[in-house]
Every structure is written in C-alpha cells, then in structure tokens.
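Overview (structure and organization)
Read off the chains here:
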Amino acid sequence: KIEKILEFDDFVYGNKTSSDVGIEFKNVSFGYNKDSKLFDGLSFKAEEGRMTAIVGYSGSGKSTITKLIAGFWNVDSGSIQIGGVDLNSMPLKQNMELVTYVSQENFLFQKSIADNMRLAKPEADLKEIEEVCKRASCHDFIASLPEGYNTMVQEAGGSLSGGERQRITIARALLKNSPVILLDEATAYSDPDNEAVIQKSINALVKDKTVIMVAHRLSTIMNADKIIVLNHGSIAAEGTHKELLEGCGIYKKMWQSHIKVRQEAQ
C-alpha cells in the first residue's frame, strides 16, 4: 500500500501518464445518515481519458458520486479508486492535486479576477492566465472591464453574470490542469444566449482528461463515451446515447422530456 501511494505521488507531479487515472467504484455503500443508504453496493468504471456522463432524476445520487470522488465524504463501505489507489489511502492534498471539481455553484472570492485565477496555480503569471481565459472564452469580457484582470469581484462573484462566473471558474480549472475533471451540473444556470459559449469552454477543459459529467441537459452529454443512468441510487443502464434510447425506458423518457422543453423554449 505504501508503494502504491509513492507511485501515485510520482503521478501527481507529472511523472505518469493518463493511463493511471481511471476511476472505479467497487461495491460502494453510502448514506447521509445511519437510517438509510443512498448507495448500497454501487459499482462502475469510468475509463481514463474518456467522458462518463451520469444522468437520472432528482435524488438519484448523481451529484453525490462526484462529491465522493472529490473527497467531500468517505464511503461507508466498499471503495473508490483512482488509478488503482483507494481514496481512503490517499492524502487529501493528493486528491486535490489530482481532481478538479466544477459545480453549478461557481464561487469567486472578493479578490481581483487574476487572484481568483491564481487560487488554482499561485505561481501563474498574467500571460498564462490570459491564455487559459482565451480557451475558456472569457478573455474578451475580462479585458473590456475597467481594470481588466485586476478588476475586483464582489464576494461570490456578485458583480458578474452567471455565465461570466461559469467561464472564469472553468478557466481556473484549466489553469489547474488536473487529469481528472468532475463536472457537477456545471452548465445548470447557463441561459440560451451563453450556453454555446460555456459548452465550448467545457470542451477545452475536458480534452484528453478523465471526465465524469453530471448533467440535466441531456443534449450536453449525447457524445459521451459512456452514459450511466441512475435510478434511486442504483444503475438502471449503461451505454451510449444511441444504445440507451433503444434499450433503456428511463433514459428514453428523460430524452423525450428534454426535447419537449427545448422545443417549448424556442
């Protein structure tokens, strides 16, 4: 076990390849209280360098999966492994180096935009920050602000729109450049005007990474390598978008509802 952790420590600092960052849930049980289990023997694999999407109705446990991988809580039994290393054997610092968690709550601190970015990489210079912001489609609006990257944001980013906060958060994740990306409803608050821009930012973020993406807008995960359908904490089905439309009633119903909502919004 110590040898494994030492190997993992080498990987964290860039000496290993993306083939070491597959994620596996092995018979995971977890509950928010002793009286009920959200998961009871949950098992699945998210392959390295691939996008695994997780969908399901509210309360099915989608966001909990990402939070468990990010180390917010420990499992009650079973194990979660990244690159064959059990998260319970991994120091939190290593988990934080390895994993980037992006949620629908895009928190920015009462600092300049540049300093908010440097929370991901304290030594980053302005040129490096500008480059990732260009990739995240937020450089232009930042440059147009009165003080550019030195513009102060209000606590929680209140001086910026929801879409602008999302793109800065994604740029910050790009700057961190960790091999595992967890997207927990990261586009939930985007409106039709900025949805395409935010999706472009996300595409830049997840390139060549191991990605788990929780999404309620099924159109954003159509091209995922694998989609897992959760139902009351259990896996109802796994497969591609096409496979699930043909073989999973829950997914087909969700897709039809999604298409109907999009048509009504047009």
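Now for a look at the structure at hand. A quick note: this is a predicted structure, and the numbers were derived from the prediction, not measured.

Comments concerning the pattern of salt bridges
- Enumeration over the complete set of coordinates arrives at eight salt bridges.
- Measuring nitrogen to oxygen at the nearest pair gives 3.4 Å for the salt bridge that ties D225 to R50. Note that D225 is positioned in the loop between β8 (210-214) and β9 (226-231) and R50 in the loop between β2 (39-46) and β3 (51-56), a separation of 175 residues in sequence.
- Since its relative accessible area comes to 39%, D225 is described here as partly exposed.
- Judged by its relative accessible area of 42%, R50 is partly exposed.
- The partner of E238 in a salt bridge is K226, and the shortest N-O contact between them spans 3.3 Å. In this pair, E238 sits in strand β10 (residues 234-239) while K226 sits in strand β9, placing the two residues twelve residues apart along the sequence.
- Judged by its relative accessible area of 38%, E238 is partly exposed.

Details of the nonpolar core
- Formed by 47 residues in total, the largest nonpolar core has its most connected members in I168, L183, I221 and Y251.
- Among the elements that make up this core, the one with the highest residue count is helix α7 (residues 162-176) (six residues).
- Beyond its immediate stretch of four places on either side in the chain, Y251 contacts V55, L218, I221, I227, V229, H241, L244 and L245.
- Counting residues in hydrophobic clusters, the runner-up holds 28 residues, among them V28, I82, V180 and I228.

Thoughts on the sheet that holds strand β4 (residues 77-82)
- Read across the open sheet, the four strands follow the order β2-β1-β4-β5; overall the sheet is antiparallel. The outermost strands of the open sheet, each flanked by one partner alone, are β2 and β5 (85-86).

With respect to the packing of helix α5 (residues 126-135) against α7
- Packing of α5 against α7 leaves a shortest axis separation of 8 Å and a crossing angle of 125 degrees. When the axis of α5 is compared with that of α7, the two are oblique. The handedness of the crossing between α5 and α7 comes out as right-handed. Contacts from E128, I129, V132, C133 and R135 in α5 reach A171, L174 and L175 in α7.
- Among the residues making up the contact of α5 with α7, the classes are represented as six nonpolar, no polar and two charged.

With respect to the environment of L38
- Considering the arrangement of structural elements, one finds L38 in the loop between β1 (23-30) and β2.
- With 21 residues separating them in the primary sequence, L38 and G59 have C-alpha atoms 8.9 Å apart.
- With near-sequence residues (within four places) excluded, L38 lies in contact with F30, G31, Y32, G59, S60, G61, T64, H232 and G233.

Examining helix α2 (residues 62-69)
- In terms of residue burial, α2 counts as a mostly covered element, since seven of its eight residues are buried.
- Turning to α2, its buried residues are K62, T64, I65, T66, K67, L68 and I69.
- With its phi angle positive at about 85 degrees, G71 sits one or two positions after the end of α2.

Focus: the packing of aromatic side chains
- All chains considered together, the criterion is met by six aromatic pairs.
- Joined through ring pairs, the aromatic side chains of F30, Y32, F72, W73 and Y101 make up one cluster.

The rules behind each value
Residues numbered from 1 in each chain as written. Predicted model: local features only at pLDDT ≥ 70, side-chain atom pairs only at ≥ 80, totals over all residues. Heavy atoms only, no water. Salt bridge = Lys/Arg side-chain N within 4 Å of Asp/Glu carboxyl O. Helix = DSSP H or I, 4+ residues; strand = E, 2+ residues; numbered from the N terminus. Buried < 20%, exposed > 50% of the residue type's maximum accessible area, 1.4 Å probe, protein only. Core = buried A, V, L, I, M, F, W, Y, C linked by side-chain atoms within 4.5 Å. Contact = heavy atoms within 4.5 Å. Pairing = 2+ DSSP bridges. Axes fitted to C-alpha atoms, helices over the stretch in contact; angles between N-to-C directions. Parallel < 35°, antiparallel > 145°, perpendicular 65-115°, else oblique. Left-handed = near helix turned anticlockwise from the far one by under 90°. Nonpolar A, V, L, I, M, F, W, Y, C, P; charged D, E, K, R; others polar. Phe/Tyr/Trp six-rings, centres within 6.5 Å; stacked < 30°, edge-to-face > 60°.

The values reported here are purely geometric and, on their own, carry no functional implication.
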